[in-house]
Amino acid sequence: MVDPTLRTDRSPWHWLLVIPIVVPLIPILFNSIPPDLFGFPRFYWLQLAYIVLGVSVTTLVYQVTKRRG
Amino acid sequence: MWRDHLTEIIIFTVLFAGVSAMGFVASRWRRPQTMAHLDEWGLGGRNFGSWVTWFLIGGDLYTAYTFVAVPALIFGAGAMGFFAVPYTVIIYPMVFLVLIRLWSVSHKHGLVTPADFVRARFGSPTLALIVAITGIVATMPYIALQLVGIEAVLKTMGVTGTSTLARHAPIIIAFAILAAYTYQSGLRAPALIAFVKDGLIYVVILVAIFWLPAKLGGWGSIFGAAEAKFAASPSPSDGLLLNANNQLQYVSLALGSALALFLYPHSVTGVLASRNRDVLKRNMSALPAYSLLLGLLALLGYAAVAAKVKPLPGATPGSVDTNTIVPQLFDGQFPDWFAGVAFAAIGIGALVPAAIMSIAAANLFTRNIYREYLRKDATPAQEAKVSKIASLVVKVGALACIILLDPQFSIDLQLIGGVIILQTLPSVALGLFTRWFHRGALIAGWIAGMGFGMWMLYQVANPVTGKAHFAGSAFPLSELGFDTKMTVYAGLIAVVVNLVVAALATVVLRAAKIADGRDATTTADYFVDSDTPRGSVHA
């Protein structure tokens, strides 16, 4: 058991969280009709896919920074 | 006529009544030794695990109004309305590290509201009062918007009368029931009801996104119909894609809204009700499931275009109420019984956030006005009592907003609400990471950000609706002298102004050696977990 007074939230893994914050805010990546997927223009399917990106990164960061013990 | 919608009305009423019964029973759920304590009434015992927290925060953030208004925005403007998707994608990684710190320091010091934190961190009752009032003012129109959501459904079912009272009677009844069980069960009521709400919403959306394209010729032809509509419309800002002038608005609105969301007092209530840090972290990765739902629901706005849905008339002659798009779509495309279930999902979806919001606003009043200024030695039981009554007052106020004012006015107020709640960012969110700012500088920054924000919103006109002021949040950069047609989200600019003023004023106040407040927290307080004994300011 770690001494509670010495705990911190610091971890280099947290820098990964920047990816799902920055990527969805770059319109040049998604502001286009082709290629479409199941009839969805890129604008719509790619931004929905960013949800998967967000979930994957936060889940990864949560798992690797989880406190043990 | 309401007689044509009898099946829908019966199903809606039965589900609504069932959920209300749950609300009353909720006071026995995870029963505490006493409900006469703000931690129990206002925070559900601060002991919710992963699942309850997921439903509670999800039910709190993704409201009936969102589910009605976002598709309406897509229906009217196209791509711009999709901002809700990036907004709810970026928010969880953004607050991942912030909320656990807030949870820890609140656990350690027995804090209940964001203003409580500001009080402890900066030692300034004035700054805490400003944060509390900002929170209450921003929350009131948000509650009123939930009523707009229910009203859109009732209107579609033909439950409208000619007199003001007859038109609003169903909402008044619904809110009286809501007020009664929130009074009795506190945060346990929305937490329990959220399970039903989300179950219904998930079923309805999943059916809708498979059924509607099958009926309307597939997603390809749905997008095709939308494209044809926007090609024919004279407005320069609509379309299936963003144009050169509204990309900055799209991005800044997504970012600004994300920054604002967890500053709202009701989001903080949901966060502090959870059991430990791990529950919160796990939820930050699981909550985006709702964003997927919201994204798919948003696209029903295009399905409504393809299905040639006509919005019902608005409150003033000649106007249309685009919030009725989704209810009208369900009414026209589905069997009556399923439309009834969908309407109940929206109606119940309004109750959960409205309850949490009124609890959050009541807690702010109790902790940061009543206990700070009116009765310093209030016991936990007195606090709980005051909060219960304040929650009733808040709901009556929201109801009055809807009945006495044009609902469009509540929507405008909500827009302003987003800009003003952002002005608490330096003291609440940055305060969790740094004690650098001077308490006086934070007050100066708040005043500057608020003033500039209101000025910007005042400048926003909409020639299509004929509104000269407060017609949206898209501030034209040309107003600041830039030679461009681009617009930017007013809230984001306002918070930048706020931060610059707060930083400059801090330097000045420190140089002048003006007394600062005392920080009641220590660095270690931001990392404690549930294995550290829970603190109480009453101890």
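Residues numbered from 1 in each chain as written. Chains lettered and ligands numbered in written order. Predicted model: local features only at pLDDT ≥ 70, side-chain atom pairs only at ≥ 80, totals over all residues. Heavy atoms only, no water.

**A few points about the interface of chain A and chain B**
Item 1. Residue-level contacts link 34 residues of chain A with 44 residues of chain B.
Item 2. For the chain A and chain B pair, buried surface summed over both sides reaches about 3,400 Å², with 71% attributable to carbon and sulfur atoms.
Item 3. Taken together, the connections running from chain A to chain B amount to seven residue pairs in polar contact (both at pLDDT 80 or more).
Item 4. Those elements giving two or more residues to the side of chain A that touches chain B turn out to be α1 (18–22), α2 (27–30) and α3 (42–65) of chain A.
Item 5. In terms of residue count, the dominant contributor to the side of chain A that touches chain B is α3 of chain A (12 residues). (Contact = heavy atoms within 4.5 Å. Buried area = accessible area lost by both parts, 1.4 Å probe. Polar contact = N/O pair within 3.5 Å; in protein donor to acceptor, adjacent residues only side chain to side chain. Helix = DSSP H or I, 4+ residues; strand = E, 2+ residues; numbered from the N terminus.)

**With respect to the confidence of the model for chain A**
Item 1. Here chain A averages 85 in pLDDT, while 86% of its residues score no lower than 70.
Item 2. For chain A, per-element mean pLDDT is lowest for α2 of chain A, which scores 90, and highest for α1 of chain A, which scores 93. (pLDDT = per-residue confidence, 0-100.)

**A short note on the packing of aromatic side chains**
Item 1. Tallying each qualifying case throughout the model produces 35 aromatic pairs over all chains.
Item 2. Summarising the aromatic geometry, the rings of Tyr44 of chain A and Tyr302 of chain B are spaced 5.6 Å apart at their centres and angled 80° between planes, so their arrangement reads as edge-to-face. Here Tyr44 of chain A, found in helix α3, pairs with Tyr302 of chain B, found in helix α14 (residues 288–306), and the two come from separate chains.
Item 3. Residue Tyr302 of chain B is classed as buried on the basis of its relative accessible area of 0%.
Item 4. Feature note: the residues Phe30, Phe40, Phe43, Tyr44 and Tyr50 of chain A together with Phe82, Trp219, Phe223, Phe230, Tyr250 and Tyr302 of chain B constitute an aromatic cluster, connected by ring pairs.
Item 5. Across the ring face of Phe75 of chain B, the terminal group of Lys229 of chain B is positioned such that the distance to the ring centre comes to 4.0 Å.
Item 6. Against the face of Tyr183 of chain B rests Lys388 of chain B, its NZ or CZ located 4.9 Å from the ring centre. (Phe/Tyr/Trp six-rings, centres within 6.5 Å; stacked < 30°, edge-to-face > 60°. Buried < 20%, exposed > 50% of the residue type's maximum accessible area, 1.4 Å probe, protein only. Lys NZ or Arg CZ within 6 Å of the ring centre and 35° of its normal.)

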